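What follows is each chain in one-letter form.
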Amino acid sequence: MRDDVILLDHGSGGLASAELISQIFLTRYGNPVLAELEDSAILDRPAGRIAFTTDGYVVDPIFFPGGDIGSLAVHGTVNDLAMRGAVPLSLSVSFIFEEGLPVRTIEQIASSIAQATARARVSISAGDTKVVPRGKADKVFITTSGLGVVPDGVELSTKRARPGDRILVSGTIGDHGATILTQRSGLTFSGGLASDTAPLHDLVRSILEGATGAVRAFRDPTRGGVATVLCEIASRSGLEIEVDEASIPIRPEVASACEILGLDPLYLANEGKCIAVVSPDMAKDVEGLMHARPEGQEAAVIGEVRDGRPGRVILRTAAGGLRVLRPLSGMPLPRIC
Amino acid sequence: MFPSPDLSGFRSRAAIDALVHELSLLVDRPMRFMEVCGTHTMAVARYGLRSLFPPRFELVSGPGCPVCVTAQSHVDAMIRLARIPGVTIATFGDMVRVPGSSGSLAHAMAEGARVEIVYSPTDALHLAREVSPDPVVFLAVGFETTAPAVAATILEAERTGVENLLVHPAHKLMPPALDCIMSGGAAVNGLLCPGHVSAVIGAKAYAPLAEGQGLPCVIGGFEPADILLALTLLARQVREGRSEVENAYPRAVSWEGNKRAREVMEAVFRPEDTEWRGLGVISGSGLTLREGFRDRDARTRFGVHPVPVADPPGCVCGEVLKGVKTPTDCPLFASRCTPQSPVGPCMVSGEGACAAHYLTDGPCHA
Ligand code: SF4
């Protein structure tokens, strides 16, 4: 690239745009479909039903311990596909850059996207770049859409939860949210904290293949955290859920950061964890399958679905008390005294 | 990594179970206590302690949430300040969504006001020094816990010549408010006294209430076992007909308190009469800047003074803060007033009695 910062011209659709695309993106994650640079990508039709999803990424800071906005944009969309049991096929990646962003930063993000897609074995078949004047966006925003294929026989939906089902979480909670919030607060105790951003489709596939029919639903507890996802499962299934706080895995660093910032880890975002609703007789098997994979080593059974007040989630606290969990509302704000 | 004290003993199930059992043995008559610290309110909710209390035992919230006790007139003045072109407001996050007479700071932000959420007064100093050449107004809400840090920040601004850091003083002092509530005939049998505030003002600050007004006072920490221990001590005082100051949080609180913190606070602030939500004007219960720091008072700099105004219609926050009513006594609770669209401040802050009640005790979907 001739320029070392992004200019409005790079989003004009003219020669500068072409240079940006060919030198930064095609070199890193180009493939025959993308390299055609036509108005839309033509993909072969796979067998099975199609899953389709889209998500925007505006994380601040754009680089954080454990990942960056690029890897997050890949993993987030791959995971949305995986939660319905889909095998991810292909993504589109669309950027909005703020004028003046160093080209070096874009190269880092593009490399990170390339690594994340290689790790997740998905291709990028469409993309776009726009540049807005300085101050009209904050550094970079990314939108990724994803296509996946749902194998025959896979029917995952939170509506399918039944009384007696167990609730599993695939690992420690709150890592991503705690990392971002401590970074943003400018507090200097972030040592040991890292985002958990990771693709989950291999974990999902090993469970769907290793314990056929065991899982009623997967959900990834991103924004709103585990508590909000549990409330959604309870309300969509018309059942009650009780979870046991003492059994929920959490890293000590995350717990400490939450104490200092006055946050509840149950409401913090996760970017590489899933919640599974599993039939009771298969819960141990699914837990074992999770433990067998690196991204599920700290998986645990944390609760149970039951008849009761529809939509209610009850937490048995570590102190032995009971409290209701509500969906996240308002911003997760720090305490002030 | 920052040091993290080992508090596991204060969370151990064995300790908690034993204290819950002891409490159930002690409560032989109706007992009603008040916690006067937002952090206690949150901890009780967060650990689900209410579900562990014996029958005939009640813990109500008092004026312990700094956002909640901020009078409507002050909230309005803060929003008016935010709307002045060129002014940047630096505030703790909880203030942003508190409804004023028309709109909130969040609304003012959406209309273009500059409002920065900060985690400490030093962040506000940083904004004034490094980011904004224009006035940065820190909304100084909070009790004796926050005031020394704000005072130290102002001294630092003086020392380093940062002239564009201003404050809207809205600090509150806990003892005058407690005295005011209790002198009207206490609706409670004792006080669970705030751990953080007491670390500054010292356990001795409650002696007049205990001795003068016959009100048992126990200072408690914030772990489940701390809180339960303090509550058993309160119940024991009631049973034995005693009213004393007891310190169940000696690892942080002394009889004398933190003299150094009080000196810093007193170097910068002096008491003034101030309005509390629901309690009205209480003499000497607020803090204003001393003469030498007057040009940092955003109220005088911009001529924005609190104008008395009625609380939001239907909202009984004031009665809740006095411990006379509980959140569920409010007709708007969980119907018109929820954390998504709060009517009063008690539903905004996680330390507010209504929000704590809504978020942890009520039905999952109202
Ligand atoms: S429920 Fe809402 S309106 Fe009622 S007292 Fe609480 S904050 Fe005020």
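Residues numbered from 1 in each chain as written. Chains lettered and ligands numbered in written order. Predicted model: local features only at pLDDT ≥ 70, side-chain atom pairs only at ≥ 80, totals over all residues. Heavy atoms only, no water.

What follows concerns the site of the ligand. The local shell around the ligand consists of C315, V316, C317, C330, L332, F333, C337, V343, G344, C346, M347 and C354 of chain B. The cavity where the ligand resides is the largest cavity. (Near = heavy atom within 4 Å. 1 Å grid on protein atoms, 1.4 Å probe; cavity = no way out; pocket = protein on both sides within 12 Å on 5 of 7 lines; lining within 4 Å. Sits in = over half its atoms within 2 Å of the grid points.)

On to the state of the cysteines. All names here are of chain B. Counted by the stated rule, this structure contains one disulfide over all chains. Note that C65 is cross-linked by a disulfide to C68, the S-S spacing being 2.5 Å. Judged by the sign of its S-S torsion, about 70 degrees, the bond between C65 and C68 is right-handed. Judged by relative accessible area, C68 falls into the buried class, the value being 0%. The structure places no disulfide on C180, whose sulfur is separated from the nearest cysteine sulfur, that of C217, by 15 Å. (Disulfide = S-S within 2.5 Å. Buried < 20%, exposed > 50% of the residue type's maximum accessible area, 1.4 Å probe, protein only.)

Residue and element names in this part refer to chain A. Between its first and last C-alpha atoms helix 3 (residues 69-82) spans 20 Å; for 14 residues at 1.5 Å apiece the expected length is 20 Å, and the two agree. When you tally the buried positions in helix 3, you get 13 out of 14 residues, the bulk of the element. With a side-chain oxygen lying 2.7 Å from the backbone nitrogen of G70, the N-terminal cap of helix 3 falls on D68. (Helix = DSSP H or I, 4+ residues; strand = E, 2+ residues; numbered from the N terminus. Expected span 1.5 Å × (residues − 1). Polar contact = N/O pair within 3.5 Å; in protein donor to acceptor, adjacent residues only side chain to side chain.)

By the definition in use, this model includes nine aromatic pairs over all chains. Summarising the aromatic geometry, the rings of F333 of chain B and Y358 of chain B are spaced 6.2 Å apart at their centres and angled 75 degrees between planes, so their arrangement reads as edge-to-face. Placement of F333 of chain B in the loop between helix 15 (317-321) and helix 16 (353-360) and of Y358 of chain B in helix 16 is noted, with a sequence separation of 25 residues between them. When sorted by exposure, F333 of chain B lands in the same class as Y358 of chain B, which is buried. Three or more aromatic residues joined by ring pairs make a cluster, and in this case those are F25, Y29, F95 and F97 of chain A. Sitting above the plane of the Y47 of chain B ring, R46 of chain B keeps its charged end 5.6 Å from the centroid. The ring of W276 of chain B has K172 of chain B lying over it, and the distance from NZ or CZ to the ring centre is 6.0 Å. (Phe/Tyr/Trp six-rings, centres within 6.5 Å; stacked < 30°, edge-to-face > 60°. Lys NZ or Arg CZ within 6 Å of the ring centre and 35° of its normal.)

Residues and elements named next belong to chain A. Here chain A is described as being made up of domain 1 (8-150) and domain 2 (158-325). Summarising the inter-unit geometry, the C-alpha centres of domain 1 and domain 2 are found 28 Å apart. The interface of domain 1 with domain 2 comprises 22 residues on the first partner and 23 residues on the second. Counting the surface domain 1 buries against domain 2, the share from its top three residues, P65, N79 and M83, is 31%. (Domains from an automatic or database assignment. Contact = heavy atoms within 4.5 Å. Buried area = accessible area lost by both parts, 1.4 Å probe.)

Residues and elements named next belong to chain B. Counted by the stated rule, this structure contains four cavities of 30 Å³ or more. Empty space within the largest cavity amounts to approximately 100 Å³. Every residue lining the largest cavity is counted, 13 residues in all, and those nearest its centre are C315, C317, C330, C337 and C354. Split into classes, the residues belonging to the lining of the largest cavity amount to twelve nonpolar, one polar and no charged. (Points joined across faces, edges and corners; volume = space filled by probe spheres on them. Nonpolar A, V, L, I, M, F, W, Y, C, P; charged D, E, K, R; others polar.)

On to the domain arrangement of chain B. Residue and element names in this part refer to chain B. Each assigned domain of chain B is listed here: domain 1 (7-66 + 175-238), domain 2 (67-173 + 257-302) and domain 3 (317-360). If you average the C-alpha positions of domain 2 and of domain 3, the two centres end up 24 Å apart. In total, domain 2 and domain 3 occlude about 980 Å² of area from one another, counting both sides; carbon and sulfur atoms represent 70% of this. Linking domain 2 to domain 3 there are zero salt bridges. Scanning the region where domain 2 abuts domain 3 turns up three residue pairs in polar contact (both at pLDDT 80 or more). In the side of domain 2 that touches domain 3, the residues fall into six nonpolar, one polar and three charged. (Salt bridge = Lys/Arg side-chain N within 4 Å of Asp/Glu carboxyl O.)

The next subject is the nonpolar core. Grouped burial of nonpolar side chains is what soluble globular proteins tend to show. Core analysis: the biggest nonpolar cluster contains 100 residues, and F138, L191, Y206 and F269 of chain B have the highest contact counts within it. Leaving out residues up to four positions away in the same chain, F269 of chain B has contacts with A147, V150, A151, I154, H171, L287, T288, L289 and R290 of chain B. Residues V93, A120, I124 and V131 of chain A belong to the second largest nonpolar core, which totals 34 residues. (Core = buried A, V, L, I, M, F, W, Y, C linked by side-chain atoms within 4.5 Å.)

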